[in-house]
Amino acid sequence: MKKILSSFWIYLVLLFLYAPILILTVYSFTDSAMIGKIRRFSLHNYITLFTTPELLHMIFGTCILALVVAATSTILGTMGAIGAFYSKKTTRGVIELANQIPVVNADVVTGFSTCILMIAFFRIRKETYLPLVIGQTALCAPFVYLSVLPRLKQMDHQLYEAALDLGCTPSQALIKVILPQIVPGIVSGFMTAITLSLDDYFIATYTKPATFDTISTYVVNATRGSQTAIKTALWALSAIIFAVVTLVVIGMNYDTEKLKKK
């Protein structure tokens, strides 16, 4: 009876989480103008999505931004995790505490603070995209740190010292010994950073140039407008994002299982 109840509860939670997305995906393949009225099957939303220059520019710009932020965050987060791991206990504690602040802090506070710091204090204009990249990096880098650090703790601590004893310089030991051991954590952190960048709304709202929109800011603005074709095309975009994320997660889990078997 406990097994049945446990399974029922798990499936109920999964249904609660994914039912709205699945419903939205179904409606993206219809010509309905609103949720609740199913009409005939249509690919109109997908055609609109891939033939509207405004939407294509927004998607392309958001993806480039996500890749830049993810790459920067991965480098900083990985360096921070390695530095903290090999630091003294007091220094490591301070770094870990500082890393928790952006994680716990509300995005709206991070975005507003970045806006004040970059624009009002350093006089960096939004048109340079630097405030946007810096703000999202401040959001994503701590999560990369949290992804890499457990891998360092699972690693054999004597490998680094052994590499030094065998003639490696510290940089060679880092590149040839440590980094290969923590690649899964780095990849996980990179994918997390991409997801956070794509999902971010508040930081982008405060720091983005006036003529640039990310997917999140564009969706919010579009829901307030009266362009029905654009709104329904965003259903198709949501379905595509969900499908891509699902395939990436399945692929990563498949690779992990293959590595475990080896």
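The following paragraphs examine the structure supplied in this document. (Residues numbered from 1 in each chain as written. Predicted model: local features only at pLDDT ≥ 70, side-chain atom pairs only at ≥ 80, totals over all residues. Heavy atoms only, no water.)

### Some thoughts on the overall build of the protein chain
Note the threshold: Going along the chain from the N terminus, every DSSP run of H or I of four or more residues is numbered as a helix, and every run of E of two or more is numbered as a strand. Throughout, exposure labels follow a simple rule: accessible area from a 1.4 Å probe, protein chains only, divided by the maximum for the residue type, with under 20% read as buried, over 50% as exposed, and the rest as partly exposed. Working rule for contacts: check all heavy atoms of both residues, and any pair within 4.5 Å makes them a contact. Only the protein chains shown count as covering a residue, and every accessible area follows the Shrake-Rupley method with a 1.4 Å probe.
For the protein chain, the helix and strand inventory stands at 12 helices and zero strands. Traced from its N-terminal end to its C-terminal end, the protein chain shows the element sequence α-α-α-α-α-α-α-α-α-α-α-α. For the protein chain, the spread of C-alpha atoms along the principal axes amounts to about 70 × 60 × 35 Å. Counting every position in the protein chain, which comprises 262 residues, the buried fraction comes to 32%. In the protein chain, the proportion of contacts linking residues at least 24 apart, taken out of those at least 6 apart, comes to 69%. Surface accessibility of the protein chain: about 16,300 Å² in total, with carbon and sulfur atoms responsible for 70%.

### Remarks on the nonpolar core
To keep things clear, this is the line we draw: Among buried residues, those of type Ala, Val, Leu, Ile, Met, Phe, Trp, Tyr and Cys that are joined through side-chain atoms within 4.5 Å constitute a nonpolar core.
By size, the foremost hydrophobic cluster in this structure holds 28 residues, and its most contacted members are L65, V148, L152, I178 and I182. At the level of secondary structure, the elements contributing two or more residues to this core comprise helix 3 (53-85), helix 6 (130-154), helix 7 (158-165), helix 8 (170-181) and helix 9 (183-199). Membership of the second largest hydrophobic core comes to 14 residues, among which are Y46, L55, A222 and A233.

### Section: the pattern of salt bridges
Quick reminder of the rule: Whenever Lys or Arg places a side-chain nitrogen within 4 Å of a carboxyl oxygen from Asp or Glu, that contact is recorded as a salt bridge.
Taken as a whole, this structure holds three salt bridges when the rule is applied. The shortest N-O distance in the salt bridge between D31 and R40 comes to 3.3 Å. A salt bridge links R125 to E127; the shortest N-O distance between them is 3.7 Å.

### Describing the environment of I101
Topologically, I101 is positioned in helix 4 (residues 89-104). Judged by its relative accessible area of 52%, I101 falls in the exposed class.

### Topic: the packing of aromatic side chains
Let me state the cut-off plainly: The rule is short: rings of Phe, Tyr and Trp, with Trp giving its six-membered ring, pair when the centres are within 6.5 Å, and they are stacked under 30 degrees, edge-to-face over 60, tilted in between.
What the rule picks out here adds up to 10 aromatic pairs. A ring pair is formed by F29 and F41, whose centres lie 6.3 Å apart and whose planes are at 5 degrees; its orientation type is stacked. Taken as a pair, F29 in the loop between helix 1 (2-28) and helix 2 (44-51) and F41 in the loop between helix 1 and helix 2 lie far apart in primary sequence, 12 residues in all. Under the relative-accessibility criterion, F41 is labelled exposed at 61%. Ring centres of Y129 and F212 lie 5.4 Å apart, and the angle between their planes is 80 degrees; this geometry places the pair in the edge-to-face category. Separated by 83 residues along the polypeptide, Y129 in the loop between helix 5 (107-121) and helix 6 and F212 in the loop between helix 10 (202-207) and helix 11 (215-224) bring together distant segments of the chain. Take F212: its relative accessible area is 7%, and that puts it in the buried class. These aromatic residues form a ring-pair network of at least three members: F29, F41 and Y46.

### Section: the packing of helix 4 against helix 6
Operational definition: To obtain an axis, a line is fitted to C-alpha atoms, over the contacting stretch when the element is a helix, and the angle between two such axes runs from 0 to 180 degrees between their N-to-C directions. Any angle between 65 and 115 degrees counts as roughly perpendicular, while under 35 counts as roughly parallel, over 145 as roughly antiparallel, and the rest as oblique. Crossing handedness follows the turn of the near helix against the far one: under a right angle anticlockwise gives a left-handed crossing, and clockwise gives a right-handed one. Classification used: nonpolar for Ala, Val, Leu, Ile, Met, Phe, Trp, Tyr, Cys and Pro, charged for Asp, Glu, Lys and Arg, polar for all others including Gly.
Following both chains from N to C, one finds helix 4 and helix 6 inclined at 130 degrees, their axes separated by 8 Å at the closest point. Regarding the angle of helix 4 to helix 6, the classification is oblique. When the axes of helix 4 and helix 6 are compared, the crossing they make is left-handed. When helix 4 is examined against helix 6, the residues I95, E96, N99, Q100, P102 and V103 are found in contact with a partner set consisting of A138, P142, F143, Y145, L146 and L149. When its residues are assigned to classes, the contact of helix 4 with helix 6 shows nine nonpolar, two polar and one charged.

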